[in-house]
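Residues per chain are reported as follows:
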Amino acid sequence: MADPTSHVEQQIQARIAAAKVRVQAAKKRRDELAAARRRGLARRHAQRLRNQAAKRDQPRTDP
């Protein structure tokens with residue numbers, strides 16, 4: 001007796017599985033980029049605050 005799934009159905013299932021893998025990879029890539037962006041923004045914000053504090057602590061040299 002033949003396999004209950006036809007060759008066409010097997011190809012469709014393979015394409016669906018490949019599409020799911022691509023979607024998951026794209027989601028993972030987006031999530032990683034978003035996390036890196038958040039870390040970068042936090043780092044830049046912290047540096048900005050440090051720069052402002054350092055500038056505030058410096059004596060003024062107004063003419």
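Whatever comes next refers back to the structure up there.
Because the structure is predicted, anything quoted here is derived from the model rather than measured. (Residues numbered from 1 in each chain as written. Predicted model: local features only at pLDDT ≥ 70, side-chain atom pairs only at ≥ 80, totals over all residues. Heavy atoms only, no water.)

*Asks:* Quick one: what's the story with a positive patch on the surface, residue by residue and with numbers?
*Replies:* Judged by side-chain charge, Arg 37, Arg 38, Arg 39, Arg 43 and Arg 44 come together as a positively charged surface patch. With respect to the element layout, Arg 43 can be found in helix H1 (residues 7-57). (Patch = residues over 30% accessible without salt bridge, like charges linked within 9 Å, V, L, I, M, F, W, Y side chains within 5 Å. Areas by Shrake-Rupley, 256 points an atom, 1.4 Å probe, with all protein chains shown as cover. Salt bridge = Lys/Arg side-chain N within 4 Å of Asp/Glu carboxyl O. Lys, Arg positive; Asp, Glu negative; His and termini not counted. Charge placed at Lys NZ, Arg CZ, Asp CG, Glu CD. Helix = DSSP H or I, 4+ residues; strand = E, 2+ residues; numbered from the N terminus.)

*Asks:* Break down H1 for me, citing the residues and quoting the values.
*Replies:* An ideal rise of 1.5 Å per residue puts 75 Å on 51 residues; H1 measures up with 75 Å between its terminal C-alpha atoms. Among the residues of H1, Ala 26, Ala 35 and Gly 40 are the ones counted as buried. (Expected span 1.5 Å × (residues − 1). Buried < 20%, exposed > 50% of the residue type's maximum accessible area, 1.4 Å probe, protein only.)

*Asks:* Can you break down the pattern of salt bridges residue by residue, with the values?
*Replies:* What the rule picks out here adds up to two salt bridges. Across the pair Asp 31 and Lys 27 runs a salt bridge whose closest N-O atoms are separated by 3.0 Å. Residue Asp 31 and its partner Lys 27 are both found in helix H1; the two are separated by four residues, about one turn of the helix. Using a relative accessible area of 42% as the deciding quantity, one classes Asp 31 as partly exposed. Accessibility expressed as a relative area gives 40% for Lys 27, which makes it partly exposed. Among the salt bridges present, the one from Glu 32 reaches Lys 28, with a minimum N-O distance of 3.9 Å.

*Asks:* Describe a nonpolar patch on the surface, listing the residues and the values that go with them.
*Replies:* A cluster of nonpolar side chains, contributed by Val 8, Ile 12 and Ile 16, occupies part of the molecular surface with about 240 Å² of accessible area. In this structure Val 8 comes out as partly exposed when scored by relative accessible area, which is 49%.

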